[in-house]
Structure formats: C-alpha cells, structure tokens
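Structural characterization, general
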Amino acid sequence: MSKTPTRIGLGKDLTGLEDLSGDTIRAILDTAEPFKEISERPIKKVPVLRGKTIVNLFLEPSTRTRISFEFAEKRLGADTVNISASGSSVVKGETLVDTARNLEAMRIDMVVIRHSSSGAAQFLADRIPSNVINAGDGQHEHPTQALLDMLTLRDRLGRIEGLKVCIVGDIVHSRVARSNIFGLQALGNEVAVCGPKSLIPYGIEELGVRTFPHVEEAIEWADALNVLRLQLERMKTGFIPSLREYNRVFGVSRARLEQAPRETVILHPGPMNRGVEIDSDVADGPQSVILPQVTNGVAVRMAVLYLLAGGQPGGAEAAKQESE
Amino acid sequence: MTAPETTARELLDAEGVEEALARLASKIEDGGTEDLVLIGIRRRGVQLAERLATILSDSHGKVVPTGSLDITLYRDDFHQVGPRPVIGVTDIPDKITGRRVVVVDDVLFTGRTIRAALNELADFGRPRCVELAVLVDRGGRELPIQADHVGISVETTDRDQVEVKVPELDGSLSVILVSSPGE
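Our subject in this report is the structure included herewith. Just so we're clear, the structure is a prediction, and the values are computed from it rather than from any experiment.

1. Digging into the overall build of chain B
Helix and strand counts for chain B stand at five helices and eight strands. Secondary structure elements of chain B, listed N to C terminal, follow the sequence β-α-β-α-β-α-β-α-β-β-β-α-β. Scaling as 2.2 N^0.38, a compact globule of 183 residues should have a C-alpha radius of gyration of about 16 Å, and chain B matches this with 17 Å. Summarising the internal contacts of chain B: among those between residues at least 6 apart in sequence, 71% fall at separations of at least 24. Here chain B displays about 8,800 Å² of accessible surface, and carbon together with sulfur accounts for 48% of that area. Treating the 21 positive side-chain charges of chain B as one cloud and the 32 negative ones as another, the clouds have centres 4 Å apart.

Shown next as structure tokens:
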C-alpha cells in the first residue's frame with residue numbers, strides 16, 4: 001500500500017531509521033526546528049492537521065512517549081484517540097490486524113503504535129492504508145526517540161556529524177540503541193556501545209559499532225553518552241549480578257565524568273533508575289540534556305506527523321508550485 | 001508545439017522600490033507610530049517590513065518593533081499540495097494585544113496568504129487593529145481581502161508572475177513581471 005512518497009524520502013510510514021538516508025534524517029531534524037516555537041506560543045496549536053484522526057495504539061506501557069505523541073498531535077490540530085492493551089478488545093483475544101481494520105472502518109488517518117513484538121509496526125504498515133508511526137516495537141526500533149536524541153545533540157554541540165556517541169547499558173533489549181546506531185551512522189557519526197557482556201548483542205560489531213568493556217574507556221572516547229535504562233522487566237534471570245554491582249562497574253557517576261578529556265554530554269531516554277545506570281548528580285548536572293530531550297521529543301514528533309500527513313498522491317509535484 | 005516564450009519586464013528598479021517603500025512608510029506613519037508593530041510574512045515580506053521599520057525609525061528616532069510570520073501551517077491547501085518541508089520560524093514580538101499591527105507582504109494576489117496570516121496572528125493575541133501593507137497589488141483576489149497601503153498596482157493575468165527581489169535573498173532590489181503567453 002504505497003502513497004506517493006514525500007520529497008524528502010519518507011514513505012507512507014516511519015517504522016525505523018535503518019532504511020533512511022542521512023539526507024532524509026537531516027530533513028526531519030530541520031523540519032522539527034520551527035515546530036519548537038509552536039510549543040512556546042500562548043495558544044499552542046496550529047491547524048495543519050485539522051480534521052485528521054490519529055489513533056495512539058499503545059499495547060505496551062508508556063507514559064512519556066504516549067504523552068509526547070499526544071501533545072504533538074493536539075498541537076497540530078488533529079483529533080486523537082488513545083487505546084491501551086488493558087481495557088480494549090486486545091485482552092479479549094483480538095489480533096493486531098483485526099484491531100487496526102476495525103479502526104480503519106471508522107475512517108482514521110494515522111496510527112501510532114507501541115508493541116512488545118519486534119516488527120509489529122511494519123506488519124501493520126503493510127496491511128492498512130493509514131500512515132503508521134512506530135513508537136517502539138519490541139527490541140527492533142524506536143525511531144522518534146533516536147530522532148529527538150540527535151536533535152538534542154545537535155542543539156548542544158552545534159552539529160550532528162563527526163561526533164563520537166557511546167550508548168551505555170542494556171543494549172541487547174534496546175530498540176533505542178538500534179535506532180540511534182542507524183541514525184547516527186547515516187549522518188556520519190561514530191557509535192560505540194558499552195555494558196556488561198551479557199547485555200551486548202552478539203555480532204554487534206557487524207553494524208560497524210565498537211564495544212567498550214569498561215565505562216571509563218567509553219567516557220575517555222565519547223563526545224556524548226546515551227545512558228540506557230536497565231530494562232528489568234525484560235530480564236528474566238542472570239543478566240547482571242545485582243543492581244549495586246551494576247552501578248559500581250557501569251554507573252555513570254560524577255567522579256567518572258570528571259576524568260573525561262571534554263565536557264561529555266549526557267543523554268537518557270527515560271525513565272531513569274537513579275543510582276543504577278546514572279547517578280542523581282549527573283542526571284541533574286550541567287552536562288545533562290535529559291529534559292531538553294523531552295522538550296525536543298514533541299517537536300520531532302510534530303515534524304514526523306506533519307511530513308507523513310502530507311504524503312498524498314500528486315503531492316510532490318504540486319508542492320513545487322507556490323502561490324502568492 | 002513551440003516552447004512558450006516568457007518575457008520579463010522590470011516594473012520597479014531599486015530606486016523605484018525605495019520610493020514605493022517611502023510612500024508606504026509615510027502612509028503607515030499617518031496612522032500614528034505610538035503602538036505600531038510591523039509583521040512581515042515570510043519570506044520577502046520580512047525584509048520589506050525591516051526596511052519600512054528602518055525608514056520609520058529614522059524619521060522618529062524611535063525603534064519600531066518588527067516580527068515575522070510563517071503561514072505554512074495555516075494554509076488552506078495543505079491537504080491538496082502536500083507538505084513543504086521547509087517551514088520558516090515565526091517570531092512575533094512579545095505583545096501584540098492592544099497594538100496597531102501592520103502586516104507586510106511583497107505581493108497581494110489571491111488573498112489566501114493574508115487569510116492564513118490573520119488566523120495565525122489571532123493565535124498570538126488580539127491587536128487593537130490590523131492593517132495590510134503590500135509592495136505590489138496584482139489583482140486576482142479569491143477572497144474579500146484588500147490592502148490598506150499599496151506601493152504599486154499592476155494589471156496581471158493568471159499566467160503572469162510578479163517577482164519581488166530583495167538584496168538579502170536575491171542580491172538585488174527590484175520588482176519583475178514575468179509573463180508567459182497563452183496557447
């Protein structure tokens with residue numbers, strides 16, 4: 001089900017960053033810039049998606065991402081409906097496709113989906129004509145999180161190429177790590193990962209990613225650390241000895257950052273386990289951009305919604321004709 | 001089929017634009033400059049608003065505040081023509097409520113841009129009054145919108161294009177009428 005792609009190289013959907021070019025990613029980040037200002041207005045709303053219906057299908061718990069998408073949708077003037085797994089027909093055994101087809105039958109325009117299975121977003125995108133945006137699928141991708149990470153890095157460091165970014169922590173369970181690796185590399189940055197061996201995916205060097213077994217080395221090397229949460233809910237047994245042990249060996253602490261040859265920028269996608277993967281004085285310190293990440297999340301999601309919503313037949317050609 | 005020949009005619013040279021802006025400034029001045037704010041519409045309205053503000057400031061010794069408006073997200077044809085990934089930043093001075101706002105644009109044609117601008121402006125506050133100043137009025141209105149202050153008026157057809165050039169974006173200051181003949 002293909003609609004005419006928009007000029008910048010986005011298709012009907014945004015399911016991941018793996019197949020996007022650096023130019024496309026840069027265009028999304030550039031489009032996000034003017035959207036920042038809308039959230040600072042007295043009336044935080046523009047009518048560009050007026051009359052569009054967007055379903056936020058969050059079949060896995062999420063607070064930040066769901067609210068961020070909802071703000072983005074509402075500030076563009078769209079009508080939104082939120083569906084969570086509990087309290088929907090999903091608990092009665094309805095399949096994902098049936099849920100989506102029923103929504104389609106009520107004439108929706110876009111679906112933002114969060115799902116515990118890798119590939120769920122693409123599966124849906126291939127089966128319904130609405131635009132599908134992946135808000136995190138299993139251990140696959142979380143593209144808008146990586147986009148807001150990159151926008152925040154660009155804001156802080158003035159560029160988003162030629163940087164060295166190390167992702168620290170639970171890489172194996174992390175869709176955020178995967179999306180960041182694809183996106184950062186497409187823009188010409190170097191990416192490394194750091195964490196206990198049990199939490200580094202086997203064969204990650206095939207993605208062109210280097211691995212640091214010690215967090216001190218990662219801090220020595222990197223311009224920025226993207227510190228990931230230990231996803232305790234996804235760990236059945238045996239990934240780490242204990243939380244205290246993890247903090248002692250891999251925790252990002254003030255003392256460790258003071259050894260860095262430069263002002264390392266600290267990102268964290270949230271929610272944080274303070275005192276585990278990141279210490280409080282780092283999370284709240286001057287090098288942290290954790291709250292700017294949240295602010296930028298709304299702008300990036302507005303940009304993605306805006307770009308996908310316009311991808312209609314004849315769009316690209318007609319868009320070239322400006323009127324006075 | 002022969003290639004249509006387009007002709008370009010200069011309606012105003014740099015001096016002509018300066019004169020037209022001076023006339024516009026003087027008309028705007030007649031309404032008082034006490035609580036005046038000039039808001040340019042992206043892109044070329046912004047440069048024209050800056051020029052008008054400079055003229056007004058020079059004659060009064062008082063800075064006239066300016067702002068810029070990008071109407072992309074308020075267009076009425078978004079769903080027909082697809083997105084324009086490049087959106088400019090809107091920058092409105094702190095308070096427009098209770099002030100006299102003069103919206104500045106380069107060319108007035110269908111009036112749809114101004115419709116969008118008025119809607120967007122209303123989301124920033126409630127001005128005492130809103131007026132419209134344009135460098136060129138080329139006719140062809142599709143909405144009941146008229147300018148309060150006009151630099152020059154020209155008769156045009158749908159096939160014509162009126163191009164306003166400003167040094168900041170185009171390297172020169174002029175108004176060009178580009179005509180392509182009909183079938």
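The rest of the description comes next.
2. Quick word on the environment of A:L29
Residue and element names in this part refer to chain A. Along the chain, L29 falls in helix α1 (residues 22–38). In this structure, the C-alpha to C-alpha distance between L29 and P213, residues 184 residues apart in sequence, is 32 Å. Sequence-distant contacts of L29, that is, excluding residues within four places in its chain, are made with L147, M150, L151, R154, I160 and L187.

3. Observations concerning α1(A)
Residue and element names in this part refer to chain A. Its 17 residues place the ends of α1 26 Å apart at the C-alpha level, agreeing with the 24 Å of an ideal helix rising 1.5 Å per residue. Here α1 lies mainly inside the structure; twelve of its 17 residues are buried. Lining the buried residues of α1 we find α2 (64–75), α5 (143–157), α6 (175–186) and α11 (290–309).

4. Describing the nonpolar core
With 86 residues, the main nonpolar core has A:F35, A:L49, A:L147 and A:M150 as its most contacted residues. Sort the elements by how many residues they give to this core and α11(A) lands first, with eleven residues. In terms of nonpolar packing, the next biggest core, distinct from the first, is built from 29 residues, B:V102, B:V162, B:V164 and B:V175 among them.

5. Some details on the packing of α5(A) against α11(A)
Residues and elements named next belong to chain A. It is the contact of α5 with α11, at a shortest axis distance of 8 Å, that shows an interaxial angle of 120°. Of the possible angle classes, the one that applies to α5 and α11 is oblique. In the packing of α5 onto α11, the handedness of the crossing is right-handed. Counting all contacts with α5, which are made through T144, Q145, L147, L148, D149, L151, T152 and D155, the residues of α11 involved are P292, Q293, N296, G297, V300, R301 and V304.

6. Regarding the sheet that holds strand β5 (residues 164–168) of chain A
All names here are of chain A. With respect to topology, five strands assemble into an open sheet ordered β7-β6-β5-β8-β9, the strand pairing being parallel. Two strands bound the open sheet, and with one partner strand each, they are β7 (210–212) and β9 (265–267). Sheet twist, expressed as the average angle between the axes of neighbouring strands with direction ignored, equals 25°. In terms of strand pairing, β5 meets strand β8 (residues 224–227) through four bridges, oriented parallel. Across the sheet, V165 pairs through a bridge with A224, a residue of β8.

7. Examining the packing of α1(A) against α5(A)
All names here are of chain A. Contact geometry for α1 and α5: axes closest at 10 Å, N-to-C directions at 70°. Comparing the axis directions of α1 and α5 gives the class roughly perpendicular. On α5, the residues that touch I25, R26, I28, L29, D30, A32, E33 and K36 of α1 are L147, M150, L151, R154 and D155. Of the residues contributing to the contact of α1 with α5, the split by class is seven nonpolar, no polar and six charged.

8. Considering the environment of A:H173
Residues and elements named next belong to chain A. In this structure, H173 sits in the loop between β5 and α6. Judged by its relative accessible area of 6%, H173 falls in the buried class. Within the local environment of H173, its side chain forms a polar contact with the side chain of D170, the two groups lying 3.0 Å apart.

9. Digging into helix α4 (residues 112–122) of chain B
All names here are of chain B. Among the residues of α4, T113, I114, A116, A117, E120 and L121 are the ones counted as buried. Along the long axis of α4, the arc covered by the buried residues comes to 160°, so they all point the same way. If you follow the buried residues of α4, they end up packed against β2 (36–41), β3 (66–69), β4 (100–108) and β5 (129–137).

Conventions and cut-offs
- Residues numbered from 1 in each chain as written.
- Chains lettered and ligands numbered in written order.
- Predicted model: local features only at pLDDT ≥ 70, side-chain atom pairs only at ≥ 80, totals over all residues.
- Heavy atoms only, no water.
- Helix = DSSP H or I, 4+ residues; strand = E, 2+ residues; numbered from the N terminus.
- Rg over C-alpha atoms; globule rule 2.2 N^0.38 Å.
- Contact = heavy atoms within 4.5 Å.
- Areas by Shrake-Rupley, 256 points an atom, 1.4 Å probe, with all protein chains shown as cover.
- Lys, Arg positive; Asp, Glu negative; His and termini not counted.
- Charge placed at Lys NZ, Arg CZ, Asp CG, Glu CD.
- Expected span 1.5 Å × (residues − 1).
- Buried < 20%, exposed > 50% of the residue type's maximum accessible area, 1.4 Å probe, protein only.
- Core = buried A, V, L, I, M, F, W, Y, C linked by side-chain atoms within 4.5 Å.
- Axes fitted to C-alpha atoms, helices over the stretch in contact; angles between N-to-C directions.
- Parallel < 35°, antiparallel > 145°, perpendicular 65-115°, else oblique.
- Left-handed = near helix turned anticlockwise from the far one by under 90°.
- Pairing = 2+ DSSP bridges.
- Nonpolar A, V, L, I, M, F, W, Y, C, P; charged D, E, K, R; others polar.
- Polar contact = N/O pair within 3.5 Å; in protein donor to acceptor, adjacent residues only side chain to side chain.
- Arc of directions from axis to C-beta.

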